[in-house]
Amino acid sequence: MIRLLFTIIAGVLLGGVVHLVSVLALPRIATQDAYSRLTPMTKENAVTALPLAEPNNAPMPFMDPAFAVAICRYDLTDGPLKLTVPVSQAYTSVSFYTRNEVAYYAINDRSAGRKVIELDLMTEAQHSELPEDEEVTAADRLIIDSPTTTGLIVLKALAPEPGLMPQAQAALAASSCKVETEPPPAKQPEPPAPAPAPAPRSKR
């Protein structure tokens, strides 16, 4: 009976110690997310190429060695972001994540249908401040609303063969991710139609 009592007490104490260690270690573990790991090696509101994935040295989990990868760690505090990504020969994709690694949008060269993936990233509040008379269509300008002020944009370019990796990396190196310093232009009023020419007078 006494041995059973000591066993129960020891189990309760051990459980308490494990719980206490877990609680104390949680803040440190929580800071080791993708955003925190990429912060020291990336610039804010700029495209930074990541090293090629290796089995024992990958900046992010599940990186495919057939892809060149670049990161834009964004902060929309100072205004909307303009993203431009040239399309590579094989395949190019752009994925958007919140600060807490929640994916909220993705686009690739097939869906873009262009040689350059170009879009504007902004918060819902910044989107609502756009001029009401601005003519914005999906064909002319793609606007993405970010749920959070900060987050990550992951750019990927496929290299079907190892020899094509430099071309994939060059496509991402030509990408641009920067804050728009000027407000979006408002729709310009159309010029008035020219007055009709007077009819020629008949000669008598």
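Procedures and definitions
- Residues numbered from 1 in each chain as written.
- Predicted model: local features only at pLDDT ≥ 70, side-chain atom pairs only at ≥ 80, totals over all residues.
- Heavy atoms only, no water.
- Disulfide = S-S within 2.5 Å.
- Helix = DSSP H or I, 4+ residues; strand = E, 2+ residues; numbered from the N terminus.
- Buried < 20%, exposed > 50% of the residue type's maximum accessible area, 1.4 Å probe, protein only.
- Pairing = 2+ DSSP bridges.
- Salt bridge = Lys/Arg side-chain N within 4 Å of Asp/Glu carboxyl O.
- Axes fitted to C-alpha atoms, helices over the stretch in contact; angles between N-to-C directions.
- Contact = heavy atoms within 4.5 Å.

(A) Summary view of the state of the cysteines. In total, this model carries one disulfide according to the counting rule given. Bridging Cys72 to Cys177, the disulfide has an S-S length of 1.9 Å. Measuring handedness by torsion sign, the sulfur bridge of Cys72 and Cys177 sits at about -45° and is left-handed. Here Cys177 lies in strand S9 (residues 176-179) and Cys72 lies in strand S2 (residues 67-75), a separation of 105 residues in the sequence. Of the two residues, Cys72 and Cys177, both sit in the buried class.

(B) Examining the pairing of strand S4 (residues 92-98) more closely. Most of S4 is tucked away, with six of its seven residues classed as buried. In terms of strand pairing, S4 meets strand S8 (residues 150-158) through seven bridges, oriented antiparallel. Along S8, the bridge assignment pairs Phe96 with Ile153. Note: S4 against strand S5 (residues 103-108), five bridges, orientation antiparallel. Residue pairing for S5: Tyr97 is matched across the bridge by Ala103. The loop that links S4 with its antiparallel partner S5 comprises four residues; one of these, Glu101, has a positive phi angle of about 65°.

(C) How the structure looks around the pattern of salt bridges. According to the stated counting rule, one finds three salt bridges in the structure shown. A salt bridge links Glu118 to Lys82, with the nearest nitrogen and oxygen atoms 3.4 Å apart. Residue Glu118 is found in strand S6 (residues 116-123), and its partner Lys82 is found in strand S3 (residues 81-86); the two are separated by 36 residues along the sequence. Between Lys82 and Asp120 there is a salt bridge, and its shortest N-O distance comes to 3.3 Å.

(D) Broad picture of the sheet that holds S8. Strand order across the open sheet formed by five strands is S1-S2-S8-S4-S5, with antiparallel pairing between neighbours. Only two strands of the sheet have a single partner each, and these edge strands are strand S1 (47-49) and S5. In this sheet, adjacent strand axes meet at a mean angle of 20° when their direction is disregarded. Across the sheet, helix H5 (residues 165-173) touches S1, S2 and S8, and the angle it forms with S2 is around 15°.

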